[in-house]
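One letter stands for each residue in the lines below.
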Amino acid sequence: MPILALFAAPAGDWAEWEAPLGAAFAAAGLDVRLVTDADPAAVDYLIYAPPGTVSDFSPFTRAKAVLSLWAGVERIVGNASLTQPLCRMVDPGMTGHMVSYVAGHVLRHHLGMDRHLKRNAPVWDQTPPPHPSDRPVAVLGLGELGRACAAAIAALGFPVTGWARTAKALPFPTDHGEDGLRRVLGGADIVVTLLPRTAETENLLDARRLGWLRQGAVVINPGRGALIDEDALLAALDSGRLGHATLDVFRQEPLPPGHPFWTHPRVTVTPHIAANTHPPTASGVVAENIRRGEAGEPFLYLVDRARAY
Ligand code: NAP
Ligand code: GLV
């Protein structure tokens, strides 16, 4: 009997996933019937992305796992009906997207590109940007995405310091804990936030911690909107303590038309496009987890429910 996989992502996602998932199952030698509707009691795996077509997971009594197509799982991890193992997405294609987004926005701010793009008079101002080695960058969150971005920025010549929940041994300096955060924020011109949204990271950058930033520092947030206290961010931008905020993610998405971020001269809004999951590569990750589930092997990228990431 074929393995029954329910595609429980938004209907609009089906067109881009159907073929790559089918190809990945075939390449893995898996006989999978991929459907968008099924008797819950017959489903072996759910392939999920928010907002998704399933909110009550309790009728899926046979399901061996819920496989998220997203890296961030804050919209599903707290679902009380979810008793099945939950795997999040770690996808080399997504990582590539994120590295290019973060490197691009770091370079924009480092090079002072806005000054040239917005020039409206023929002023020959030869003030150069500092050398990359004089532009310290902090990366908060050293998971799959933070580590890759930190390594890429370091490879461009920027001194990088990372910060995470636990101590790390990486090829660049890292720190952890509240004192570590203070050191890391105070030592950087550009801060990149790549943390998951959890109870612990909610409003991590509040007024007090934004006050630890260097005068004129830049924040780039492709993590989650809830990592930053919005009012405190706007106050820090208005006072000039913060030079610029490049924001990809928001508490409410789409960002409402009247939101002050849209028009603030020191805010760049990108519409949650930093790192989409890349179906051609991510489908192989889904297939590998189904192969593992069928072989009784441990799943990849299992979410720790207590930590919520
Ligand atoms: P990950 O591999 O789970 O890494 C999470 C990192 O955050 C880890 O280093 C972890 O520390 C750290 N962390 C978690 N809680 C913390 C806390 N309370 N204090 C300090 N550090 C903490 O996640 P990932 O794959 O790198 O993804 C990170 C986030 O990026 C996702 O959760 C999602 O929100 C966001 N994302 C955004 C987009 C986009 O398009 N904008 C795309 C994909 C993902 P430890 O290493 O010590 O555990
Ligand atoms: C996107 O934001 C993701 O978490 O994959």
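Remember, predicted model here, so these are calculated numbers, not experimental data.

Definitions and cut-offs
- Residues numbered from 1 in each chain as written.
- Chains lettered and ligands numbered in written order.
- Predicted model: local features only at pLDDT ≥ 70, side-chain atom pairs only at ≥ 80, totals over all residues.
- Heavy atoms only, no water.
- Near = heavy atom within 4 Å.
- Polar contact = N/O pair within 3.5 Å; in protein donor to acceptor, adjacent residues only side chain to side chain.
- Areas by Shrake-Rupley, 256 points an atom, 1.4 Å probe, with all protein chains shown as cover.
- Helix = DSSP H or I, 4+ residues; strand = E, 2+ residues; numbered from the N terminus.
- Nonpolar A, V, L, I, M, F, W, Y, C, P; charged D, E, K, R; others polar.

Engineer: Which parts of the structure should I look at to understand the site of ligand 1?
Structural biologist: Not every one of the 30 residues close to ligand 1 is listed here, only the nearest: Arg 88, Leu 142, Thr 166, Lys 168 and Tyr 309. Within the backbone of Glu 144, a nitrogen or oxygen atom sits 3.0 Å from an oxygen atom of ligand 1. At 2.9 Å from an oxygen atom of ligand 1 is found a main-chain nitrogen or oxygen belonging to Leu 145. In isolation ligand 1 exposes 930 Å². Once the protein is present, 92% of that is buried. For the shell around ligand 1, the secondary structure elements donating two or more residues are α2 (92–111), α4 (144–155) and β7 (160–164). A total of 3 residues in the shell around ligand 1 trace back to one element, the largest contributor, which is α4. Grouping the constituent residues of the shell around ligand 1 by class yields 15 nonpolar, 8 polar and 7 charged.

Engineer: Where do I start with the site of ligand 2 in this structure?
Structural biologist: Neighbouring residues of ligand 2: Trp 70, Ala 71, Gly 72, Met 94, Arg 224 and His 272. Separating an oxygen atom of ligand 2 from a backbone N or O atom of Ala 71 is a distance of 2.8 Å. In the environment of ligand 2, an oxygen atom lies 2.6 Å from a nitrogen or oxygen atom belonging to the side chain of His 272. Protein coverage of the free-state accessible area of ligand 2, which is 190 Å², stands at 88%. Of the residues in the shell around ligand 2, the class split is 3 nonpolar, 2 polar and 1 charged.

In short, geometric facts, not functional conclusions.
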